[in-house]
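So the chains spell out like this:
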Amino acid sequence: MKELITTDGARLAYRDSGGGGVPLIMLHGWGQTQAMFRHQFADLAPGRRVVTVDLRGHGLSGKPRHGYRVARLARDVLELVDHLRLPRFDALGWSMGVSVWWSFIDQYGTGRTRRFVAVDQPAAVAAVPWMTEREQRDCGAIFDVPALLDLGAALAAPGGDEVRADFVRGMFSGEPDPELLAFVAGQIAATPAYAGVPLLFDHCAQDWRDVLPRIDVPTLVIGCEGSHVHPDSQRFVAERIPYARLHVFAADVANSHFPFLENPAAFNAVVEEFLAEEAGPWA
């Protein structure tokens, strides 16, 4: 594990497989860690350079008392890219990690991004009152604003560990593998409430629909039938990004928000095929 100190003093823990070629930078979701991508780091790295990172407040990275906004996380990623002196990279985000990349693109553009993979993230998580019902369905909103506030309050209150466990369980359909569920629950325990709650609120309050049409690099959007994120929201994202393609895992392939953990061979095959393709319409 390697470390980077950001310009505002946060310590970021990251892994870099090294090697040549265009590196793949993978960003995890809220409350999770780079260990989510353990199978990808092991199985993709022999053929390409893979970089993973624990975002601030998560995993082995520092837990400062500041900076828990998606925009600051995007700045952290920029500083990591600059630290590694990467003129060009492929970007993959899962869940909130997609939002971090959307913020990165919104602020810094796509000049250094070769290809982009967005895994199971709605264009907007909170159904704000000024959205029509159709817009709420299209963007894949999971909460209304009162439910989001209630969740944050419950996570921050005594007994928040139980709320967190229920939150994790809700991302699996059917009966999850007990070891996999325990692994995910163990990773989320590394994020303290003072970091996780404000970040969750900021993350869920964002609306990225205006960014999608401005993504001008080849993009793959991945959904999963068994996820709490409805596949229709992933179709919406893919339709709004020019020339994006969509891959939805059937429930008998992966049945949760975690297809890269449930069925790493299937997930890796889809990602590797996309990354290995010749340049398409954006060439």
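Here is what the cut-offs are and how they apply
- Note on numbering: residues in each chain are counted from 1, in written sequence order.
- Restriction of local features to residues with pLDDT of at least 70 applies here, the model being predicted, together with a cutoff of 80 or more for giving and counting side-chain atom pairs; totals for whole chains, interfaces and linings are based on all residues.
- Computation of side-chain values covers all heavy atoms of the structure but excludes hydrogens and water.
- In this scheme Phe, Tyr and Trp rings, the latter by its six-membered ring, pair at centre separations within 6.5 Å, and the angle between planes marks the pair as stacked below 30 degrees, edge-to-face above 60, and tilted otherwise.
- Counting from the N terminus, the helices are DSSP H or I runs at least four residues long and the strands are E runs at least two residues long.
- Here the term buried applies to any residue with accessible area under 20% of the maximum for its type, exposed to any over 50%, and partly exposed to those in between, with areas from a 1.4 Å probe on protein chains only.
- Pairing between two strands requires that DSSP report at least two bridges joining them.
- Look down the strands so they point away from you; if going from the first strand over the helix to the second traces a clockwise path, that crossover is right-handed.

A. Layout of the packing of aromatic side chains. One pass over the full model with this rule turns up 13 aromatic pairs. Measuring from centroid to centroid gives 6.1 Å for F89 and F104, while their planes differ by 80°, and the two rings are edge-to-face. One end of the pair, F89, is in strand β5 (residues 89-94); the other, F104, is in helix α3 (residues 96-108), and 15 residues separate them in sequence. A relative accessible area of 4% places F104 in the buried class. On the numbers, 6.4 Å between centres and 45° between planes, the contact of W102 with W208 is tilted. Residue W102 is found in helix α3, and its partner W208 is found in the loop between α8 (193-205) and β9 (219-224); the two are separated by 106 residues along the sequence. Taken as a pair, W102 and W208 share a single burial class, namely buried. Site record: aromatic cluster; members linked through ring pairs are F37, W94, F172, F249, F258, F260 and F267.

B. Inspection of the pairing of strand β6 (residues 113-119) at higher detail. Counting buried positions over the seven residues of β6 gives six, a clear majority of the element. Bridge count between β5 and β6: five bridges; the pairing is parallel. The partner of W94 across the bridge, within β6, is V119. Each parallel crossover has a hand, and for β5 linked through α3 to β6 it is right-handed.

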